[in-house]
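Fold and geometry: a report
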Amino acid sequence: MEELLEKLLEAVEFGKVDQKSPYPPQLRGMDGSHELTMSALEAGINPQKILEEALIPAMARVGKKFSENKIFVPQMLMSARAMGASMLQLKPFFTSGDIKTKGTFIIGTVKGDLHDIGKNLVAMMIEGGGWSIVDLGVDVGSGRFIEALKSHPGAVVGLSALLTTTMVNMGEIVTSIREHMPGTKILIGGAPVNTEFCQKIGADFYAPDPQKAVEYMNKIAS
Ligand code: B1M
């Protein structure tokens, strides 16, 4: 089991999507994240364990190597693709929650930011918690959040940012939502964000991870 998780971690770390993929050359012909995730699930490994012990640590290693200039954007992108191939298989386990009656959750990665893996995970878990999801994607400005809120009055909004340069755009989006749709609950998250920043920009809650986001959503639904 541990060996399977270690192989999956390496597949994501080195951006090996599936067996057919020629990238990276040193893993040619070997199983990629697609096959390894399938094997892990078949071996009965809990999807949460797959996520926490293989996929997330893999991306942490990728980030570290990027910071140290050992890899560059294309390699980071391949790792993101490999992680995406795994997440596609894990999604049914995280979204098979109650019938969707708790309300609507509008989520997006803020303007200027293209990172969507964390956002997708949060959306998946909240969907699994019984909410309908409106995923606006990446690079989303205040206008699109307001439009979505007009189509889904009373929805809760989730903002994700991974860059110190884009987290500031959260403030602008929160201000605009407060102006047009006062009373909207706004949840924020992403690596550079924290509770202090959340209070500063006037959002309602900062969740460091999808579990805390689900807890917050459950609290406001009750
Ligand atoms: Co980028 N990138 N990246 N990147 N990237 C980081 C974030 C970075 C920390 C890497 C590094 O330097 N070590 C760094 C940011 C530095 C900073 O601002 N402090 C960085 C940089 C600099 C950049 C570029 C500027 C690089 C360049 O072009 N020179 C560029 C920017 C592009 C843009 O957005 N405009 C860029 C590009 C990319 C790729 C496109 C290649 C790719 C993203 C692909 C994709 O997302 N589809 C990428 C990747 C993969 C990363 C790292 C390696 C991994 C991010 C990730 O997916 N993590 C990342 C380094 C790292 O994180 N260690 C890095 C796994 C994911 C599960 O975690 O997203 O943190 P995370 O989400 C967590 C929590 O934060 C939380 O829950 C999730 C699960 O636990 N969470 C929420 C997230 N959103 C939430 C919302 C909530 C609640 C919780 O409520 C609404």
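For the structure itself, look to the data block above.
Keep in mind the model is a prediction, meaning the values are calculated, not measured.

**Topic: helix H4 (residues 73–95)**
Between its terminal C-alpha atoms H4 stretches 31 Å, which fits the 33 Å expected from 23 residues at 1.5 Å a residue. At Gln-89, H4 shows its maximal bend, which comes to roughly 40°, and the proline Pro-92 appears one to four places after that position. Turning to H4, its buried residues are Met-78, Ser-79, Ala-82, Met-83, Ala-85, Ser-86, Met-87, Gln-89, Leu-90, Phe-94 and Thr-95. Elements that come into contact with the buried residues of H4 comprise helix H1 (2–14), helix H2 (33–42), helix H3 (47–67) and helix H5 (117–128).

**A closer look at the coordination of the cobalt atom of the ligand**
For a metal with four tetrahedral donors the ideal donor-metal-donor angle is 109.5 degrees, whereas six octahedral donors ideally subtend 90 or 180 degrees. The sole protein-derived ligand of the cobalt atom of the ligand is His-115 (NE2), positioned 2.2 Å away. Residue placement: His-115 occurs in the loop between strand S1 (104–109) and H5.

**Things to note about the site of the ligand**
Looking at the ligand, there are 33 residues lining it, with Ser-67, Leu-114, His-115, Asp-116 and Ser-160 nearest. The separation between a nitrogen atom of the ligand and a polar side-chain atom of Asp-116 is 2.7 Å. Within the contact set of the ligand, an oxygen atom lies 3.3 Å away from a backbone nitrogen or oxygen of Ala-191. Mapped onto the shell around the ligand, the elements with two or more residues apiece are H3, H4, H5, strand S3 (156–160) and strand S4 (186–189). Looking at the shell around the ligand, the element that brings in the most residues is H3, giving five residues. Looking at the shell around the ligand, you find at least three residues from each of domain 1 (1–96) and domain 2 (101–222).

**Quick look at the pattern of salt bridges**
Following the criterion strictly, the structure yields nine salt bridges and no others. The structure contains a network of salt bridges with shared partners spanning Glu-6, Glu-13, Arg-61 and Lys-65.

**Some remarks on unusual backbone geometry**
With omega at -10°, the peptide bond leading from Tyr-23 into Pro-24 counts as cis. In this model, Asn-69 sits at a positive phi of 60°, which is unusual for a non-glycine residue. Structurally, Asn-69 is set in the loop between H3 and H4.

**Here's the deal with the packing of aromatic side chains**
Between two aromatic rings, the relevant description is the distance of the centres plus the angle of the planes. All chains considered together, the criterion is met by one aromatic pair. When the ring of Phe-205 is compared with that of Tyr-216, the centres are 4.6 Å apart and the planes differ by 5°; the resulting orientation is stacked. Separated by 11 residues along the polypeptide, Phe-205 in strand S5 (residues 205–206) and Tyr-216 in helix H9 (residues 210–221) bring together distant segments of the chain. Overall, the relative accessible area of 26% leaves Phe-205 in the partly exposed class. Accessibility expressed as a relative area gives 8% for Tyr-216, which makes it buried.

Each value, and the rule that gives it
Residues numbered from 1 in each chain as written. Predicted model: local features only at pLDDT ≥ 70, side-chain atom pairs only at ≥ 80, totals over all residues. Heavy atoms only, no water. Helix = DSSP H or I, 4+ residues; strand = E, 2+ residues; numbered from the N terminus. Expected span 1.5 Å × (residues − 1). Bend = angle between axes of the 7 residues up to and from the residue. Buried < 20%, exposed > 50% of the residue type's maximum accessible area, 1.4 Å probe, protein only. Contact = heavy atoms within 4.5 Å. Donors = N, O, S within 2.8 Å, 3.2 Å for Na, K, Ca; no water. Near = heavy atom within 4 Å. Polar contact = N/O pair within 3.5 Å; in protein donor to acceptor, adjacent residues only side chain to side chain. Domains from an automatic or database assignment. Salt bridge = Lys/Arg side-chain N within 4 Å of Asp/Glu carboxyl O. Phe/Tyr/Trp six-rings, centres within 6.5 Å; stacked < 30°, edge-to-face > 60°.

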